[in-house]
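Topology and contacts: notes
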Amino acid sequence: MYLSRQLRLLPRANIARSLSSSGAHYTTAAPAEDVPIEIPNRIERSPTDLLQALAGTVARDHTAPHYKYHDDPFLIPMSNAAKRTYAMSKESGRKAAKWIKEEHRDLFMHQEAQPAIEKFAPSMVYTEDSVVDESSLAQLISQGELKDAVLVYNLLEQKGNPISPDLKQSLLELVCFHNNQEPLPAEYIEERWFMQNNRRRERGGKTWKDGDLAEKLYSEIEPKTPQSYASLIRGMAKYLQCERAYALLQEAGEKRVQLDTNTFNSVIEIASFLKDTAEQRWQLCTELLNEMSQQKLRPNLGTLNAVLQCISTFGNFKLARTAALQALPEFKQLGVSPSLGSYYYLLIIFCRERGPVSHVIVDILNDISGKEFQIQHPKDTYFFATAMDVCRNHLHDKSLAKKVDELLHTGKNYDLIGDSFKESIYYRNYLALLCQTESIDEFMLSYDLLVPNIYIPEPGIMEEILRAIEINGGVEYVPRIWSDMVVFDHTHRESLLLYVLRILVDNKPNPDSPAQAQLPEQGAKVALDMYERVEEAIRRLRKVSFTGQMLGDILTLLVRGGNYEKATEVFAHIDKNQHRIPGTPSLNALLEFVDASVQEKSPSQALFALQYAVENNIDSRALAKRIHEGFTLNETHLSKLKSLVGESFLDK
């Protein structure tokens with residue numbers, strides 16, 4: 001052991017010498033010549049490369065929650081609202097930690113890491129009395145600290161310190177990009193997604209700040225440079241100050257200022273705000289593209305997607321289709337390959353809700369199937385959700401949906417699914433299509449893989465699943481679905497409750513099926529659980545209440561499951577609150593309750609059911625006949641029966 005360990009530690013040239021000195025008699029070859037050691041060039045790695053390499057060695061665990069949640073049963077969210085709340089709470093904790101670090105900066109001045117980690121150190125605080133110079137402003141701009149950069153710029157202006165044109169240009173770019181609003185830090189991913197969804201709903205017009213710092217900086221830069229024009233035009237276009245952005249572009253053209261491709265792209269994107277009709281928008285697009293050609297500017301992927309975005313706003317389907325088919329080959333000749341964002345625009349151009357059916361997605365999938373993509377354009381993350389929506393609502397094609405899902409799980413394409421909102425839309429359409437096109441057993445396999453850690457069905461999708469169970473006769477899955485509805489907080493949806501009860505009541509278990517052998521008992525447990533939860537919801541004033549139909553179905557399931565004691569309790573509730581409960585139980589529900597009363601030898605309960613039927617104008621003849629034939633009634637019960645249905649009925 002000692003000798004072998006020594007051999008590993010010694011250089012190759014000294015191995016023979018070591019063996020001879022140790023007294024071991026081995027025949028060794030002649031020492032080889034020293035081989036020079038070549039140290040490979042350093043490969044730049046991201047902070048998560050090692051974790052990704054380790055994660056790539058194992059398959060995805062469908063029973064585990066997303067990594068951003070704590071893997072603890074009490075901290076795993078089980079509804080879409082809880083997912084958002086938990087994720088935002090975690091980021092709120094980060095904000096609290098950051099606030100403590102800034103408020104008590106004296107406790108965090110030590111730097112034990114070598115080299116020092118900037119994020120762990122408190123940030124520099126600038127006030128009106130701070131001593132600053134151009135280097136301070138340059139550092140803040142490079143770090144993207146907009147608020148502090150604007151403050152330092154104002155301090156330099158007040159003190160009369162000269163600021164170089166290049167530094168003003170850098171500040172102009174930063175201010176235009178953010179519209180002079182402090183951006184959300186990059187590490188707050190969940191909050192950024194949530195804010196984007198809100199802005200998408202609220203966005204309806206211009207948000208550019210007219211006469212603000214950006215325009216002041218632009219006016220101070222003399223002579224005007226292509227970069228200054230480009231910065232202001234792009235900022236105005238981004239925040240929908242469309243008319244002035246286009247006017248600046250025309251002004252630059254008149255002054256022979258050479259702008260870059262991305263500046264033209266930003267104006268093409270807002271063509272729909274500049275012109276009203278499809279023909280005018282397409283004419284403006286072609287004019288801008290011709291101007292780019294005259295200035296020898298080469299279009300890029302941003303140009304292609306800007307053109308397709310403009311075309312997607314055309315109300316004229318024929319013109320939109322013609323323009324898209326004209327643009328794609330021309331860009332292909334220029335060497336511009338479409339990204340997933342380009343295919344997204346093609347889908348919304350061709351697959352319109354009120355337009356003719358288009359199978360363009362078939363050609364797209366044939367072209368990109370099996371390929372791995374990287375993010376190249378902001379709209380790339382919209383492709384998968386839109387493609388699955390087309391498969392479900394436009395074509396209703398399960399095979400295409402499977403191809404889209406296969407593409408999503410190719411390589412690292414899942415990174416392009418987008419935020420949690422888009423992921424939810426994707427799986428909502430996918431599950432809804434599967435439950436409409438697959439057998440119930442096949443569908444439940446997919447359901448088990450996706451629910452609840454990847455996707456939590458909304459009430460509308462849960463109703464689709466219940467409909468598929470009803471159509472396919474998969475009543476044995478209803479108790480499982482009910483338990484999921486409880487976890488997902490769907491128990492206050494009256495339509496879902498009625499649907500669950502209807503399936504269980506209308507589909508009696510098959511005695512020859514082992515899977516349905518325990519269904520009566522399970523149905524009774526579902527009914528009792530539903531009854532107790534609705535009672536609790538009523539006490540909490542939630543928007544759910546009992547109906548006669550609901551209570552009648554609960555009564556039927558309890559009777560079939562052999563829980564007669566609880567059935568009598570439910571019927572007592574029906575009888576006591578009949579003036580407040582809308583509707584009445586069905587005659588069949590009352591008949592089954594009377595039959596159970598006969599078996600339990602409880603004539604009093606059977607007569608209560610008959611009295612309820614008489615008071616609510618339900619046909620009582622069948623009930624009275626069952627009671628009269630099923631019991632040997634004493635005088636008291638017989639007189640009660642006669643008072644309810646009359647002696648003439650009993651004499652028949």
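Residues numbered from 1 in each chain as written. Predicted model: local features only at pLDDT ≥ 70, side-chain atom pairs only at ≥ 80, totals over all residues. Heavy atoms only, no water.

Put simply, the test is: UniProt positions are given in the numbering used here, feature names are shortened, and annotations may be inferred rather than shown by experiment.
With an unreviewed UniProt entry as reference, the chain is termed Small ribosomal subunit protein mS39, source organism Drosophila yakuba. UniProt, in the comment section headed Sequence similarities (unreviewed entry), describes the chain in these words: "Belongs to the mitochondrion-specific ribosomal protein mS39 family." The record in UniProt for the chain states the following under Subcellular location (unreviewed entry): "Mitochondrion".

Side note on the overall build of the chain
Our working rule: Secondary structure is summarised from DSSP: a helix means a run of H or I of at least four residues, a strand means a run of E of at least two, and numbering begins at the N terminus for each. Atoms counted for the radius of gyration: C-alpha only. Globule rule: 2.2 Å times residue count to the power 0.38. Here a residue-residue contact requires only that any non-hydrogen atoms of the pair lie within 4.5 Å. Just so you know, the count uses Lys and Arg for positive and Asp and Glu for negative, and it drops His and the chain ends. In plain terms, the charge of a residue is placed at NZ if it is Lys, CZ if Arg, CG if Asp and CD if Glu.
Counting secondary structure elements, the chain contains 33 helices and zero strands. Here the chain has a C-alpha radius of gyration of 36 Å; the compact-globule value for 652 residues is 26 Å, and the former is much larger. Overall size of the chain, expressed as C-alpha extent along the three principal axes, is 110 × 95 × 60 Å. Partitioning the intrachain contacts of the chain with sequence separation of at least 6 by distance along the chain shows that 69% fall at a separation of at least 24. With 74 positive and 87 negative side-chain charges, the chain shows a separation of 1 Å between the mean positions of the two kinds.

Re the environment of Glu215
We apply this condition: Accessibility here uses a 1.4 Å probe with only protein chains present; expressed as a share of the type maximum, an area under 20% marks a residue as buried, one over 50% as exposed, and anything in between as partly exposed. Any N or O atom pair separated by 3.5 Å or less is treated as a polar contact, with the protein-specific requirement of one donor-capable and one acceptor-capable atom, and with residues adjacent in sequence counted only for side-chain atom pairs.
Counting through the fold element by element, Glu215 comes out in helix 9 (residues 213–220). Classification of Glu215 as buried rests on a relative accessible area of 16%. When the C-alpha positions of Glu215 and Val175 are compared, they lie 9.7 Å apart, and in sequence the two are 40 residues distant. The residues contacting Glu215, other than those within four sequence positions of it, are Trp208, Lys209, Asp210, Leu232, Met236 and Arg244. Looking at Glu215, its side chain comes within polar contact range of the side chain of Arg244, at 3.0 Å.

A look at the nonpolar core
Stated formally: Definition used in this section: a nonpolar core is a set of buried Ala, Val, Leu, Ile, Met, Phe, Trp, Tyr and Cys residues joined via side-chain atoms within 4.5 Å. In this entry, domain limits derive from an automatic or database-based domain assignment.
The biggest cluster of nonpolar side chains holds 179 residues, and the ones touching the most others in it are Ile311, Ile361, Phe383 and Phe384. Residues from two domains meet in this core; each of domain 1 (137–186 + 204–259) and domain 2 (596–651) gives at least three. Excluding residues that lie within four positions of it along the chain, Ile311 makes contacts with Trp282, Ala320, Ala323, Ala324, Ile349 and Arg352.

Re unusual backbone geometry
Note: most peptide bonds trans; most residues except glycine with negative phi. In this chain, Glu222 is followed by Pro223 through a cis amide linkage whose omega measures -5°. Topologically, Pro223 is positioned in the loop between helix 9 and helix 10 (226–238). Cis rather than trans, the peptide bond between Val451 and Pro452 has omega equal to 5°. In this structure, Pro452 sits in the loop between helix 22 (440–450) and helix 23 (459–472). Its identity as a non-glycine residue notwithstanding, Leu240 has a phi of 65°, on the positive side. For Leu240, the location among the structural elements is in the loop between helix 10 and helix 11 (242–254).

Describing the pattern of salt bridges
What counts here: By definition here, a salt bridge exists when the distance from a side-chain nitrogen of Lys or Arg to a carboxyl oxygen of Asp or Glu is within 4 Å.
Under the defined criterion, the tally for this structure stands at 27 salt bridges. We note a salt bridge from Lys206 to Asp210, for which the minimum N-O separation is 3.1 Å. The exposure class of Lys206 is partly exposed, given its relative accessible area of 43%. Notably, a salt bridge pairs Glu220 with Lys216, separated by 3.0 Å at the nearest N-O pair. You can see Glu220 and its partner Lys216 sitting in helix 9, four residues apart, about one turn around the helix.

Quick notes on the side chain of Gln578
Within the secondary structure, Gln578 is located in the loop between helix 28 (564–576) and helix 29 (587–599). Reaching out from Gln578, the side chain makes a polar contact with the side chain of Asn616 at a distance of 3.0 Å. The residues contacting Gln578, other than those within four sequence positions of it, are Tyr612, Glu615 and Asn616.

A word on the packing of aromatic side chains
Rule in force here: We call Phe, Tyr and Trp rings a pair once their centres come within 6.5 Å, taking the six-membered ring for Trp, and we label the pair stacked below 30 degrees between planes, edge-to-face above 60, and tilted otherwise.
The full count for this structure, using the stated rule, is 13 aromatic pairs. The interplanar angle of 75° and the centroid separation of 5.3 Å between the aromatic rings of Phe383 and Phe384 together place this pair among those described as edge-to-face. The exposure class of Phe383 is buried, given its relative accessible area of 0%. Aromatic side chains Tyr564 and Phe593 sit 5.9 Å apart centroid to centroid with 15° between the ring planes, which places their arrangement in the stacked category. Taken together, the positions of Tyr564 in helix 28 and Phe593 in helix 29 put the pair 29 residues apart, joining distant regions of the chain.

Structural notes on the side chain of Ser602
If you trace the backbone, Ser602 turns up in the loop between helix 29 and helix 30 (603–615). Given the relative accessible area of 17%, Ser602 is considered buried. Setting aside its immediate chain neighbours within four residues, Ser602 contacts Tyr564, Ser597 and Phe631.

Observations concerning helix 29
Note the threshold: Here, expected helix span is obtained from the residue count minus one, scaled by 1.5 Å.
In a regular helix each residue adds 1.5 Å, so 13 residues correspond to 18 Å; helix 29 covers 19 Å between its end C-alpha atoms and thus fits that length. Of the residues making up helix 29, those classed as buried are Ala589, Leu590, Leu591, Glu592, Phe593, Val594, Ala596 and Ser597. In this structure, the buried side of helix 29 is in contact with helix 27 (548–560), helix 28, helix 30 and helix 31 (621–630). Count one or two residues on from helix 29 and you reach Lys601, which has phi positive near 55°.

Here's the deal with the packing of helix 24 (residues 478–487) against helix 25 (residues 494–506)
Heads up, the rule is: Note on method: axes are straight lines fitted to C-alpha atoms, helices fitted across the in-contact stretch only, with angles between N-to-C directions ranging 0 to 180 degrees. Each angle receives one of four descriptions, namely roughly parallel if under 35 degrees, roughly antiparallel if over 145, roughly perpendicular if within 65 to 115, and oblique otherwise. The sense of a crossing depends on the near helix, which, turned anticlockwise from the far helix by less than a right angle, makes the crossing left-handed and, turned clockwise, makes it right-handed. Gly counts as polar in this scheme, as do all residues outside two lists: the nonpolar Ala, Val, Leu, Ile, Met, Phe, Trp, Tyr, Cys and Pro, and the charged Asp, Glu, Lys and Arg.
Running from N to C, helix 24 and helix 25 point in directions that differ by 165°, and their axes come no closer than 11 Å. The orientation of helix 24 with respect to helix 25, classified from their angle, is roughly antiparallel. Helix-helix and strand crossings are classified by hand; for helix 24 and helix 25 the assignment is left-handed. Across from Val478, Trp482 and Met485 in helix 24, the residues of helix 25 making contact are Leu496, Leu497, Val500, Ile503 and Leu504. Broken down by class, the residue content of the contact of helix 24 with helix 25 amounts to eight nonpolar, no polar and no charged.

Quick notes on the environment of Phe194
Within the element layout of this structure, Phe194 appears in helix 8 (residues 189–202). In this structure Phe194 comes out as partly exposed when scored by relative accessible area, which is 27%. Between the alpha carbons of Phe194 and Asp419 there is a distance of 8.9 Å; along the sequence they are 225 residues apart.

Topic: the packing of helix 5 (residues 134–143) against helix 7 (residues 165–178)
It is the contact of helix 5 with helix 7, at a shortest axis distance of 10 Å, that shows an interaxial angle of 30°. Crossing of helix 5 over helix 7 shows left-handed handedness. Contacts from Glu134, Leu137, Ala138 and Ile141 of helix 5 reach helix 7 at Leu167, Ser170, Leu171 and Leu174. The residue inventory of the contact of helix 5 with helix 7, partitioned by class, reads six nonpolar, one polar and one charged.

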